[in-house]
Amino acid sequence: ITFRFQSASFTLDTKSQADIGRLRDLLLQPDYADKTVMLVGFADAVGTFPTNLKLAERRAAAVHRALTGAGGRASTARIVTRAFGELAPVACNDGYEARQLNRRVEVWVRD
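Residue positions are given per chain, counted from 1 along the sequence in the order it is written. Since the coordinates come from a predicted model, pLDDT governs what is reported: local features require at least 70, and pairs of side-chain atoms require 80 or more to be given and counted, while whole-chain, interface and lining totals use all residues. Neither water nor hydrogens contribute to the side-chain values; these are computed over all heavy atoms in the structure.

## Side note on the side chain of Glu-106
Within the fold, Glu-106 resides in strand 4 (residues 104-110). A 3.5 Å cut-off defines polar contacts: any pair of N or O atoms within that distance qualifies, except that in protein one atom must be a possible hydrogen donor and the other a possible acceptor, and neighbouring residues in sequence count only when both atoms are side-chain atoms. A distance of 2.8 Å separates a polar atom in the side chain of Glu-106 from a polar atom in the side chain of Arg-104. The contact definition used throughout considers only heavy atoms, calling two residues in contact when any of these lie within 4.5 Å. Discounting chain neighbours no more than four positions away, the residues touching Glu-106 are Ile-1, Thr-2, Met-38, Leu-39, Val-40, Phe-42 and Val-90. Helix and strand definitions here come from DSSP, where helices need a minimum of 4 consecutive H or I residues and strands a minimum of 2 consecutive E residues; each element is numbered from the N-terminal end.

## What about the sheet that holds strand 3 (residues 79-85)?
DSSP calls a pair of strands paired once it identifies at least 2 bridges connecting them. The strand order across the open sheet formed by 4 strands is 1-4-2-3, and the pairing between neighbours is mixed. With partners counted over all chains shown, the strands left at the sheet margins are strand 1 (2-4) and strand 3, one partner each. Taken over all neighbouring pairs, the strand axes of this sheet differ in orientation by 20° on average, direction set aside. As defined by bridge partners, strand 2 (residues 36-42) adjoins strand 4 across 6 bridges and the pair is classed as antiparallel. If you follow Val-37 over to strand 4, its bridge partner there is Val-109. Where helix 1 (residues 14-27) meets the sheet, its contacts fall on strand 1, strand 2, strand 3 and strand 4, and the angle it forms with strand 1 comes to roughly 160°. Here an angle of 0 to 180 degrees is reported between the N-to-C directions of two axes, which are lines fitted to C-alpha atoms, with helices fitted over the stretch in contact.

## Some thoughts on unusual backbone geometry
Residues other than glycine seldom take positive phi values, yet Ala-8 does so here, at roughly 60°. Among the structural elements, Ala-8 can be located in the loop between strand 1 and helix 1. The cut-offs for exposure are 20% and 50% of the maximum accessible area for each residue type, with area from a 1.4 Å probe on protein chains only; residues under the lower value are buried, those over the upper are exposed, and the others partly exposed. According to the relative accessible area criterion, Ala-8 is exposed, its value standing at 64%.

## Side note on the packing of aromatic side chains
Each Phe, Tyr or Trp ring, with Trp reduced to its six-membered ring, pairs with another whose centre is within 6.5 Å; inter-plane angles below 30 degrees give stacked pairs, above 60 give edge-to-face pairs, and intermediate values give tilted ones. Summed over all chains, the structure comprises 2 aromatic pairs. Cluster of aromatic residues (ring-pair linked, three or more members): Phe-42, Phe-84 and Trp-108. Two limits define a charge over a ring: the Lys NZ or Arg CZ must be within 6 Å of the ring centre, and within 35 degrees of the ring normal. For Arg-104, the ring lying beneath its charged end belongs to Phe-42, and the centroid distance is 3.8 Å.

## Describing the pairing of strand 2
Most of strand 2 sits inside the fold, with 6 of its 7 residues counted as buried. Where strand 2 meets strand 3, 6 bridges bridge the pair, whose relative direction is parallel. Considered in strand 3, the bridge of Leu-39 is made with Thr-81.

## As for the nonpolar core
Nonpolar core, defined: a set of buried Ala, Val, Leu, Ile, Met, Phe, Trp, Tyr and Cys residues in which side-chain atoms within 4.5 Å join the residues together. Counting 14 residues, the largest nonpolar core has Phe-3, Leu-12, Ile-20, Leu-39 and Val-63 as its most contacted members. Going through the elements one at a time, helix 1, strand 2, helix 2 (49-68) and strand 4 are the ones with two or more residues in this core. Every residue in contact with Leu-12, bar those within four places of it in the chain, is listed here: Phe-3, Phe-5, Gln-17, Ile-20, Ala-62, Val-63 and Ala-66.

## Topic: the pattern of salt bridges
Any Lys or Arg side-chain nitrogen located within 4 Å of an Asp or Glu carboxyl oxygen qualifies as a salt bridge. This model, assessed by the stated rule, comprises 6 salt bridges. Glu-57 serves as the salt-bridge partner of Lys-54, at 3.9 Å between the closest nitrogen and oxygen. One end of the pair, Lys-54, and the other, Glu-57, are both in helix 2, 3 residues apart, so they sit about a helical turn from each other. The partly exposed category is assigned to Glu-57, whose relative accessible area is 35%. Its salt-bridge partner being Arg-104, residue Glu-106 comes within 2.8 Å of it at the nearest N-O pair. Given the relative accessible area of 18%, Glu-106 is considered buried.

Function-wise, these values are silent; they only describe arrangement.
Here it is as C-alpha cells:
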C-alpha cells in the first residue's frame, strides 16, 4: 500500500482513510504478528531539502497516527516511521504528474 499526498500536504484523503483500514486489518493477521512495519515518507523535489524532509516525516507520522489512533488495534511498538524527503523518487520531478507520484508514504514490512 502506498499513500499519496497533495503538494505541501500531510493530510490523508478519502482513499487513504480506506487504505488505513485495509492495512490495519492486514497487520492484525497472524502472519504479520511478529513483523516490523516501516512507514517511509517521501516528498517531491520542489522546495529545499530540509523542508521536504520535514514534510516527509509529517506524512509518515500522519499515517502512523491514523493506523494506531482511535479504533486502531495495531501495536505501536512494531510500527516505526522513517523519512527520506526527496531522495529515492519513483518518477522524475519535472512535471506535475511525476511529482505527484513522489509525494508518498510507502509501507515496508520486514521480519
